[in-house]
Amino acid sequence: MDKPLASYLHRSLILVALLTFSLTGCSRNDVYPSRPIELICPWPAGGGTDRLARQVAHQLEQELNVPVNVINAVGGNGVTGHTRGAFADPHGYSITLATVELNMLHWRGLTSLNPRDVEPLCLLNRDAAAIFVSNDSPYETIDDLEEKIREAPVPLKASGTSQGGVWHAAVVGWLIEQKISPSQLNWISIAGSTASLQELIAGGIDFACCSVPEASALLDAGKIRCLGVMGNPPASAISSKIPLFEESGISWKMGGWRGIVAPRNILPERRDRLCAALEKVCQSDEFATFMNRAGFDCSYAGPVEFSSMLKDWDCEFGEILNSDAFRSAQQPRFGPMFFPMIIGTGLLLSGMVLLLTKQFSQDANAIRLSPQVLMQLLIVPAWVVIYALVSPWLGFVLTSSILLITTMLILNVPWKTAIPVTLIMVPTVYHLFAVVLHVSLPWGWMGW
Amino acid sequence: MLESLFEAASLTILRVDVWLIVLAASIYGIFIGAIPGLTATMAVALFVPMTYWLEPIPALAAIVSMVACAIFAGDIPTALLRIPGTPASAAYVEETYRLAQKGLTDRALGMGLWSSVVGGLIGAAVLILSGDQLARIATMFSVAEYFWLYLLGLSCPILVAGDSRLRAAFALLIGLGLSTVGLGAVHEEARFTFGSPQLYQGIGFIPAMIGLFGLSEVFSSLARLRTTDPAESRPVPVRQSGTFRERAFLHPLREILVPAMRRLSYRKSALVRSGTVGAAIGMLPGAGVDIAAWVSAALSNKRSKEETRFDQSLTPQDESDLNIISDASAANSSALAGCWIPSLVFGIPGDSITAIVIGVLLMKNIEPGPAIFEKQAPLVYGIYLLFILANFMLLPIGLLAIRLGGYIVHIPKNILIPIILLFCVIGAYAINGSMFDVWIMLVMGIVGFLFERRRIPLGPIVLGMILGGPLEERFVQTISGANGSLMGLVERPAAFTLGFITAAIWIWAALGQLQNWISANRRGS
């Protein structure tokens, strides 16, 4: 076994490498784009931003003739996705659907990432903020509400997004503009406009702030009313009866935006290729129909215009988010360590009781871990570690083939079985995930 | 109404292309659901670009049937590999796998399949009969009510933990602790990230779930492979002999469908209970399919009554396992229909799947809301019919999937283990496309293996990770809404009722545990 094993291993590895190459097809890297592009969406599947991302991906795919896969890198109020997009390899194969949070997160000290770290490609849409109350609310106009906020003995409860989010900033900016102290506002930090609107109709808050398309279903259902829009309302027909802030003599304007950005050092010719494709997508009828039906306000802007807008907005948000009024409006009720402290205490208590009553004892049926067994168990961490470290360089196909075949040989599978199994498994899995389902697999420097 | 119903029928069940789409979508759903790491939500999200060139009814037909199939298919890898295919199966991993290890895979999956079909139909019935009235209840739920609901959900695995509630509580607290990592919705700063931007998003529960259940099982199988001789390492083979006719028709009928059907005929009331509980929980935006399975498993009557013991070959443990599988599967399937209630009536998504559905509807120029019942009655009736059609389609497709999945147990363990490893890493990577999740999966796999040796259950860890964030958010939101007063938690009548129920269950559970402990000590001394 000892001599043949080494030579079999050697021979079979070469054979597998060659065959998998030929089965998955080789791709050259000098034509751009020659492999799938990832479009990072910093928000979860199912939301408005995700829907937009999937539309852009779908049309960009036809424009560039390579698959465009949407990846939802969700979390941290957008920190995760934006950071990942900005610091991805600038090879032009990862772009990001950035949102207004790019302008805000750095002012709030959540990340050092700011608009200067990205290369703006195009602006897709802008959504103005709007104020909503539940249908049975006593406030009929924005002036009623203002009056109430100004004079209420207990601060009014409002939400729309988490503390420090775009709709929070919009409300605080409006109050400052109208010379109302933001301490008259009790902003409840509820993530997402859907959950906030649910809270509004359940009677948990007095008013909500979000964009008109996010609220259109409930508006139509007659469950909520819109008191005013902070800027231009979307062009869709439903919003025609919606009052505007400027109609009440309030000049305050605020809203969110969505656009496509790339990592900063992207090669100029690839950036231009992407910009051209994106422009075509945004000017298409299909895109206009989509935006109109989804209720998004379509406002395309090219890279030059978009980057100057980004700079302006950044200053604007800096002013609000750094203002004393805004900072004083944020008073966290419970420190971030409150909940972990309770859990920690519970863990300590239950752990101690379990220890004292000897309930942590080993399962009598558990397999004894002799040194030989432990050695064998090491295969698993080794497998995963090698995969995690090597596959981003070598690509999915080669890494997994090598790993599959070596583990099988270690586990005494005859090589006559191991090689065919690998040859069937790896290309099948690759085609299934990367080609059919558009699910991301690690890409190496040679492509797949 | 009758007119609309006829029109709906001509739009749906009388069209060949709708049947074909339902068939294709069912197969696709089974497929995605059976791959660990790919959830039902992802199945729909990946399908969205296809809906652009479909008419509304075929598009909805595809979504309804793929989701129904994906949620059932999550049970298949749970039984065969102990990796839950979707988080909705996490509530009954131990039960399903325990049965499979005894060679009762067909029984467990047959039970899951039938219960899913019946549960789905009950859910559809709830949607059809009382959708618009029920939706009003959903709008009464504010953050305070959700706080209690999540707390109730979290109590479930402790209640079902038979031998040691304390160990289950310990596991739950570990899960809750893990959920605090990252930047939450209610706090200005991130916690326990140690400066790593990747930890800002927290520890994803899907890679954790794959690690805890899947990878830890790979460890155990490897250890077993080493200590037992190869002949024994093969699991109990399923009988596959006989003619083609016998294998293709008689076997599935005899071994998969009939025993489950007989058992269910004794469990009608339990099924109705699980179905309604599932639909009620699914209806609440922010609760959803996963929690429905947990709650229903907790409500399951663990001790079978005498009359259900018609099958002498099963131990009481097997019986109780089958009952839990049945109740939880019925609930998660009926919750799928429940999620549509607030979506259709108010345009408030009941879960992430219906959020995508609303997007698709808007794309087709259909605005969900009360008006949809008048303006688009045929469409609404069409959706009802689709739910019924999809659940009937699940039966043959699910049966086929169980039969095909059964071949996995014939693969020798030493070939299977590397392939499972491959699927674990792919699944962990796929959800966010991030290698960081692969590392999380590895760490959780080691944790799962070690915990299991100390008999600490793993399911509660997953539930704690799912509900920890929302629980804390709702708590802080309620308290800040009440200007810092704890009374905010019980001020509203609905919140008070839910809080009272939670407290009563906790006291009852604690007393029961205390009693057990005292009687055990007395016997010991």
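Up top you'll find the structure we're talking about.
Residues numbered from 1 in each chain as written. Chains lettered and ligands numbered in written order. Predicted model: local features only at pLDDT ≥ 70, side-chain atom pairs only at ≥ 80, totals over all residues.

Caption draft 1: View of the overall build of chain B. Along its length, chain B carries 23 helices and zero strands. In terms of overall dimensions, chain B is globule-like: its C-alpha atoms have a radius of gyration of 23 Å, near the 24 Å expected for 525 residues. Seen through its C-alpha atoms, chain B measures out along the principal axes to roughly 70 × 70 × 50 Å. Here chain B holds 525 residues, and 63% of them are scored as buried. At a minimum sequence separation of 6, the contacts of chain B that also span at least 24 residues come to 78%. (Helix = DSSP H or I, 4+ residues; strand = E, 2+ residues; numbered from the N terminus. Rg over C-alpha atoms; globule rule 2.2 N^0.38 Å. Buried ≥ 20, exposed ≤ 12 C-beta atoms within 10 Å, placed from the backbone. Contact = placed C-beta atoms within 7 Å.)

Caption draft 2: Quick look at the overall build of chain A. What chain A contains, in helices and strands, is 17 helices and ten strands. Relative to its 448 residues, chain A shows a buried fraction of 51%. For chain A, contacts bridging at least 24 residues in sequence account for 75% of all contacts bridging at least 6.

Caption draft 3: The arrangement of helix α9 (residues 268-283) of chain A in detail. Over its 16 residues, α9 of chain A runs 22 Å from end to end, which matches the ideal 22 Å to within 8%, given 1.5 Å per residue. Every buried residue of α9 of chain A is accounted for by Arg 271, Leu 274, Cys 275, Ala 277, Leu 278, Val 281 and Cys 282 of chain A. (Expected span 1.5 Å × (residues − 1).)

Caption draft 4: Structural context of the nonpolar core. Formed by 333 residues in total, the largest nonpolar core has its most connected members in Leu 39 of chain A together with Ala 43, Val 44, Met 66 and Val 67 of chain B. Contact partners of Ala 43 of chain B, with chain neighbours within four places excluded, come to Tyr 28, Gly 29, Ile 32, Leu 38, Met 66, Val 67 and Ala 70 of chain B. (Core = buried A, V, L, I, M, F, W, Y, C linked by C-beta atoms within 7 Å.)

Caption draft 5: Representation of the packing of helix α16 (residues 396-410) of chain A against helix α20 (residues 413-430) of chain B. Remark: α16 of chain A packs on α20 of chain B, axes separated minimally by 9 Å, with the N-to-C direction vectors making an angle of 150°. In this view, α16 of chain A runs roughly antiparallel relative to α20 of chain B, as classed from their interaxial angle. Remark: the crossing between α16 of chain A and α20 of chain B carries right-handed chirality. Contacts between α16 of chain A and α20 of chain B involve Ser 400, Leu 404, Thr 407 and Met 408 of chain A from the former and Asn 414, Ile 415, Pro 418 and Leu 422 of chain B from the latter. (Axes fitted to C-alpha atoms, helices over the stretch in contact; angles between N-to-C directions. Parallel < 35°, antiparallel > 145°, perpendicular 65-115°, else oblique. Left-handed = near helix turned anticlockwise from the far one by under 90°.)

Caption draft 6: Structural detail: the interface of chain B and chain A. Contacts between chain B and chain A engage 92 residues on the former and 96 residues on the latter. Among the elements of the structure, α3 (40-51), α9 (165-179), α10 (205-227), α17 (352-363), α20, α21 (435-453) and α22 (459-481) of chain B are those that each provide at least two residues to the side of chain B that touches chain A. Per element, the largest residue contribution to the side of chain B that touches chain A is eleven residues, and it comes from α20 of chain B. Looking at side-chain class alone, the side of chain B that touches chain A contains 53 nonpolar, 27 polar and twelve charged residues. (Nonpolar A, V, L, I, M, F, W, Y, C, P; charged D, E, K, R; others polar.)

Caption draft 7: Summary view of helix α6 (residues 93-101) of chain B. Those residues of α6 of chain B lying buried are Val 93, Glu 95, Thr 96, Tyr 97, Leu 99 and Ala 100 of chain B. Positive backbone phi, at 85°, marks Gly 103 of chain B, one or two positions downstream of α6 of chain B.

Caption draft 8: Region of the structure containing the environment of Glu 146 of chain A. Residues and elements named next belong to chain A. Mapped onto the elements of the fold, Glu 146 is located in helix α5 (residues 142-151). Sequence separation of Glu 146 and Arg 264 is 118 residues, and the distance between their C-alpha atoms is 43 Å. Once residues lying within four places of it in the same chain are set aside, the contact partners of Glu 146 are Gln 178 and Ile 180.

Caption draft 9: Inspection of the environment of Leu 222 of chain B at higher detail. Tracing the backbone shows Leu 222 of chain B in helix α10. In this structure, the C-alpha to C-alpha distance between Leu 222 of chain B and Val 360 of chain B, residues 138 residues apart in sequence, is 46 Å. In contact with Leu 222 of chain B, not counting residues within four places along its chain, are Gln 376, Leu 377, Ile 379 and Val 380 of chain A together with Ile 417 of chain B.

Caption draft 10: Seen up close, the environment of Leu 344 of chain B. All names here are of chain B. In this structure, Leu 344 sits in helix α16 (residues 340-346). Note on Leu 344: 27 C-beta atoms within 10 Å, which makes it buried. Separated by 19 residues in sequence, Leu 344 and Met 363 place their C-alpha atoms 15 Å apart. With residues up to four places along the chain from it excluded, the contact list for Leu 344 reads Gly 131, Pro 368, Ile 372 and Val 380.

Caption draft 11: Representation of the pairing of strand β8 (residues 224-229) of chain A within the structure. All names here are of chain A. Most of β8 sits out of view: five of its six residues are buried. Both strand β4 (residues 118-134) and β8 contribute to a ladder of five bridges, which runs antiparallel. Bridge pairing in β8 places Phe 132 opposite Cys 226. (Pairing = 2+ DSSP bridges.)

Caption draft 12: Fine view of the packing of helix α2 (residues 48-64) of chain A against α9 of chain A. Residues and elements named next belong to chain A. Taken N-terminus to C-terminus, the directions of α2 and α9 make an angle of 120°; their axes are 9 Å apart at the nearest point. By the angle between their axes, α2 is oblique relative to α9. You can see that α2 and α9 cross each other, and the crossing is right-handed. Across the interface between the two elements, Val 56, Gln 59, Leu 60, Glu 63 and Leu 64 from α2 touch Ala 277, Lys 280 and Val 281 from α9. Partitioning the contact of α2 with α9 into residue classes produces five nonpolar, one polar and two charged.

Caption draft 13: A look at unusual backbone geometry. All names here are of chain A. Even without being a glycine, Lys 179 presents a positive backbone phi close to 60°. Tracing the backbone shows Lys 179 in the loop between α6 (166-177) and β6 (185-187). One non-glycine residue, Asn 412, adopts positive backbone phi at about 65°. By secondary structure assignment, the location of Asn 412 is in the loop between α16 and α17 (415-436). Accessibility expressed as a C-beta count within 10 Å gives 12 for Asn 412, which makes it exposed.

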